[in-house]
Amino acid sequence: MTHLSHWTTPADRMVRGGLGRCDITVLQPPFVTATAHGLPANDPVQARELARSFGTVEEVLEEIGTRPAHPPLYLVERSDLDRIQAGAWGPVLGISDPALGDDGNDTPLLYEVGRLRERYPDARIVGRVEVDCGESHTEDIVWLPDGTMFHASGWPGMDPWEVTGDPHAVAAALGVTGDILADIDVDLDAEPEEVEWSAFVGLALGEADPWPWTHLETSVLRVRHTETHTRRMEKLYFLGN
């Protein structure tokens, strides 16, 4: 089946818009001891398995090589949308996939985090996506082992927003104080479009967040996304181009 493709867009067509971040991180216990600088090297076999089983991916076609977790892969042309990053650093698993981007018509991040929670019920799972569609659209989520969660999706500075769960309950479960929120300039009582939710949900990862670092290697894989996710990407990254 590796010769099949769901794309109708040529591989060399230039991508419209841009992708800031599109990552999901699975932090497995013990939570308090994990730090990005203390994580083991990426396990490429486990990283490939994570990618193979990810909900957006129909098949892993090729292992391209490795690259640092930061910065994210840069999108230039359609073929770049077939590349994802996956990492397996001991208790921390991560995946970065442009198929998680959306313009507000769906919530792919929420769906994929829900699937991962079924596989890793004892983990803290954090997802953060920002895509530039002329204006930025963001989707952010944190889901804790006890079921406490928060999810927000919308256009910063604009209504309407899709918000589920309780950010105050998440903060309480993590032991996040008002002073910590003030340090990252987050007011949970502000209007949803005024809050930088990625900074808030990132508190669940703390020092274990792998994505800001250049010393952590990821596996870069070329994949065939599912037909549903391929269609979404065609509408998102090529609309009006």
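To start, this report covers the structure provided alongside it.

Conventions we followed
All residue numbers here refer to positions counted from 1 along the written sequence of the relevant chain. Reporting in this predicted model follows two pLDDT cut-offs: at least 70 for local features of residues, and 80 or more for side-chain atom pairs to be given and counted; totals over whole chains, interfaces and linings ignore these cut-offs and use all residues. To get the side-chain values, take all heavy atoms of the structure and skip hydrogens and water. By the criteria applied, helices consist of DSSP H or I runs no shorter than four residues and strands consist of E runs no shorter than two, each listed in order from the N terminus. Every radius of gyration here is taken over C-alpha atoms, with the globule rule written as 2.2 Å times N^0.38, N being the number of residues. Per-residue accessibility, obtained with a 1.4 Å probe over protein chains only, is compared with the maximum for each type, and a residue is labelled buried under 20%, exposed over 50%, and partly exposed between these values. Throughout, a contact is declared for two residues whenever any of their heavy atoms are within 4.5 Å. Note on areas: Shrake-Rupley, 1.4 Å probe, and residue coverage restricted to the protein chains presented here. For the purposes of this section, nonpolar cores are sets of buried Ala, Val, Leu, Ile, Met, Phe, Trp, Tyr and Cys residues that join through side-chain atoms within 4.5 Å. Paired strands are those between which DSSP finds at least two bridges. Note on geometry: axes are C-alpha line fits, over the in-contact stretch for helices, and angles between N-to-C directions span 0 to 180 degrees. Note on patches: the residues involved have over 30% relative accessible area and no salt bridge, like charges join within 9 Å, and the nonpolar side chains Val, Leu, Ile, Met, Phe, Trp and Tyr join within 5 Å. Within this document, salt bridges are pairs made up of a side-chain nitrogen of Lys or Arg and a carboxyl oxygen of Asp or Glu, the two lying within 4 Å of each other.

Side note on the overall build of the chain
Phase 1: Looking only at helices and strands, one finds six helices and nine strands in the chain.
Phase 2: Here the C-alpha radius of gyration of the chain, 17 Å, is about what a compact globule of 241 residues would show, namely 18 Å.
Phase 3: On the principal axes, the C-alpha backbone points of the chain span a range of 50 × 40 × 30 Å.
Phase 4: Looking at the chain as a whole, 49% of its 241 residues qualify as buried.
Phase 5: In the chain, once contacts between residues fewer than 6 apart in sequence are set aside, the share between residues at least 24 apart is 72%.
Phase 6: Just so you have it, the chain exposes about 11,000 Å², and 50% of that area is on carbon and sulfur atoms.

With respect to the environment of Pro29
Phase 1: With respect to the secondary-structure elements, Pro29 resides in the loop between β1 (18–27) and α1 (44–52).
Phase 2: C-alpha separation for the pair Pro29 and Pro145, spaced 116 residues apart in sequence, amounts to 9.9 Å.

Some words on the nonpolar core
Phase 1: Residues Ile24, Leu116 and Tyr237 are the most contacted members of the largest nonpolar core, which totals 38 residues.
Phase 2: Apart from residues no more than four positions distant in its own chain, Leu116 is found in contact with Ile24, Val26, Leu50, Phe54 and Ile125.
Phase 3: In terms of nonpolar packing, the next biggest core, distinct from the first, is built from 29 residues, Ala69, Trp89, Leu144 and Ala171 among them.

Observations concerning the sheet that holds strand β5 (residues 124–132)
Phase 1: Sheet architecture is open: nine strands sit in the order β2-β9-β3-β4-β1-β5-β6-β7-β8, paired in antiparallel fashion. Looking at which strands have only one partner, the edges of the open sheet turn out to be β2 (57–68) and β8 (162–165). Geometrically, the sheet is characterised by an average inter-axis angle of 15° between neighbouring strands, direction not taken into account.
Phase 2: Alignment of β2 against strand β9 (residues 217–225), held across nine bridges, turns out to be antiparallel. Directly across from Glu62, in β9, lies its bridge partner Arg222.
Phase 3: Sheet strands in contact with helix α6 (residues 227–238) are β1, β2, β5 and β9, and its direction is about 100° off that of β9.

A word on a nonpolar patch on the surface
Phase 1: Residues Met14, Tyr74 and Val76 make up a contiguous nonpolar surface patch of about 330 Å² in total accessible area.
Phase 2: By the secondary structure assignment, Val76 is in the loop between β2 and β3 (83–89).

All quantities given are derived from atomic positions and should not be read as evidence of function.
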